[in-house]
Amino acid sequence: MSSKERIAIVPGSFDPITSGHVDIINRAANMYDKVYVAVMINSQKQYMFTLEQREEIAKACFLNRDNICVISSDGWLWELAKKLNACAIVKGYRNDKDLEYEREMAKFNSEHYPPAQTVLLKAEDELTDLSSTLVRDKILKGESLNELLPQAAIDVIEKFTK
């Protein structure tokens, strides 16, 4: 790895990863040399899928992207950024509520590991209503996920939910 390689982390709980997440990750991969998709644990959330399942679903979406690597972490994001020598933490936001929350998280991470600048990317207009919560609701109801997730993610989810 070159010392000049620009490394970014796109963190999230990804329960499961959605087309909105995939869009943000692909945009980050066009901006940085290497992007780590970090499937994280938020102790305040209850998950439909295990950490390992969430990681497998996410990995399926990026099999053809050489500069995207899916990992999991149960620690602090700023510690992971330091460990990976990341110069950026890339987060997507859909609305003003998301933006405010991400600004608070950016401040916290910057205080602990200043070399990793937080980059906030606005969701594409057609993806602003998409959330993992909506996807989980549709899974529970047995409804189609075709408009919400990449087919690779759907294929893995079906393996876990049948």
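The preceding data block contains the structure.
What counts, and where the lines are drawn
Residues numbered from 1 in each chain as written. Predicted model: local features only at pLDDT ≥ 70, side-chain atom pairs only at ≥ 80, totals over all residues. Heavy atoms only, no water. Phe/Tyr/Trp six-rings, centres within 6.5 Å; stacked < 30°, edge-to-face > 60°. Helix = DSSP H or I, 4+ residues; strand = E, 2+ residues; numbered from the N terminus. Buried < 20%, exposed > 50% of the residue type's maximum accessible area, 1.4 Å probe, protein only. Lys NZ or Arg CZ within 6 Å of the ring centre and 35° of its normal. Pairing = 2+ DSSP bridges. Right-handed = clockwise from strand over helix to strand, strands pointing away. Axes fitted to C-alpha atoms, helices over the stretch in contact; angles between N-to-C directions. Parallel < 35°, antiparallel > 145°, perpendicular 65-115°, else oblique. Left-handed = near helix turned anticlockwise from the far one by under 90°. Contact = heavy atoms within 4.5 Å. Nonpolar A, V, L, I, M, F, W, Y, C, P; charged D, E, K, R; others polar.

## Quick notes on the packing of aromatic side chains
Evaluated as defined, the whole model comprises 2 aromatic pairs. On the numbers, 6.4 Å between centres and 50° between planes, the contact of Phe-49 with Phe-160 is tilted. With Phe-49 in the loop between strand 2 (34–40) and helix 2 (51–60) and Phe-160 in helix 6 (residues 151–161), this pair connects stretches of sequence that are 111 residues apart. On the basis of relative accessible area, Phe-160 is assigned to the partly exposed category, the value being 25%. Plain terms: the ring middles of Trp-76 and Phe-108 are 5.3 Å apart, the flat faces sit at 35° to each other, and that makes the pair tilted. Here the residue Trp-76 occupies a position in the loop between strand 3 (68–73) and helix 3 (77–84), and Phe-108 occupies one in helix 4 (residues 96–112), the gap between them amounting to 32 residues. Lying over the aromatic face of Tyr-36, Lys-34 brings its terminal NZ or CZ to 5.6 Å of the ring centre. Positioned above the aromatic ring of Tyr-47 is the side chain of Arg-54, whose terminal nitrogen or guanidinium carbon lies 3.8 Å from the ring centre.

## Some remarks on the pairing of strand 5 (residues 117–122)
Judged from the 6 bridges that link them, strand 4 (residues 88–93) and strand 5 form a sheet pairing that is parallel. Bridge pairing in strand 5 links Ile-89 to Thr-118. On the question of chirality, the crossover connecting strand 4 to the parallel strand 5 by way of helix 4 is right-handed.

## A few points about the packing of helix 2 against helix 6
For the pair helix 2 and helix 6, the least separation of the axes is 7 Å and the interaxial angle reads 150°. When the axes of helix 2 and helix 6 are compared, the pair comes out roughly antiparallel. Note that helix 2 runs across helix 6; the crossing there is right-handed. Contacts between helix 2 and helix 6 involve Gln-53, Glu-56, Ile-57 and Ala-60 from the former and Ala-152, Ala-153, Val-156, Ile-157, Lys-159 and Phe-160 from the latter. Its residues placed into classes, the contact of helix 2 with helix 6 shows 7 nonpolar, 1 polar and 2 charged.

Function cannot be inferred from these measures alone, as they are strictly geometric.
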